[in-house]
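An overview of the molecular structure
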Amino acid sequence: MYMTIKETAEYLSIPEPVVESLVQQKKIRTIFDGTQHLINKEQFNTHFEQLEKYKKLVEEYLSEPIPEDWDAKDED
């Protein structure tokens, strides 16, 4: 499925100028049909999968209990 720059900005929840900048930097692949850039939605699947993995990793880290403080006494 192809989206316009405006639709892509809404899909990614970022401003349109940022999407346009990423297109110009060739970080987002597009097809230019003569009047507008069309962006394939499938190219963002990996990005969203990585975000989900990162969220799970952070949740696991935050849910790990804090270890008890072992009281090391210096006997000098």
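These numbers come from a predicted model, not from an experiment. (Residues numbered from 1 in each chain as written. Predicted model: local features only at pLDDT ≥ 70, side-chain atom pairs only at ≥ 80, totals over all residues. Heavy atoms only, no water.)

Looking now at the pattern of salt bridges. Here the structure, examined in full by the defined rule, presents one salt bridge. The shortest N-O distance in the salt bridge between glutamate 52 and lysine 55 comes to 3.9 Å. Placement of the pair is glutamate 52 and lysine 55 together in helix H3 (residues 45-63), with a separation of three residues, close to one helical turn. (Salt bridge = Lys/Arg side-chain N within 4 Å of Asp/Glu carboxyl O. Helix = DSSP H or I, 4+ residues; strand = E, 2+ residues; numbered from the N terminus.)

Formed by Met3, Ile5, Ala9, Leu12, Val19, Val23, Ile28, Ile39 and Phe44, the largest nonpolar core amounts to nine residues. Elements supplying a minimum of two residues to this core: helix H1 (5-12) and helix H2 (16-24). Element by element, the count of residues in this core is highest for H1, at three residues. Leave out the neighbours within four places in its chain, and valine 23 touches Ile28, Thr30, His37 and Ile39. (Core = buried A, V, L, I, M, F, W, Y, C linked by side-chain atoms within 4.5 Å. Buried < 20%, exposed > 50% of the residue type's maximum accessible area, 1.4 Å probe, protein only. Contact = heavy atoms within 4.5 Å.)

The subject of this paragraph is the sheet that holds strand S1 (residues 2-3). As summarised here, the arrangement of the three strands in space is S1-S3-S2, forming an open sheet in which the pairing is antiparallel. For this open sheet the edge positions go to S1 and strand S2 (31-32), each flanked by a neighbour on one side alone. With two bridges connecting them, S2 and strand S3 (residues 37-40) associate as antiparallel partners. Residue pairing for S3: phenylalanine 32 is matched across the bridge by histidine 37. (Pairing = 2+ DSSP bridges.)

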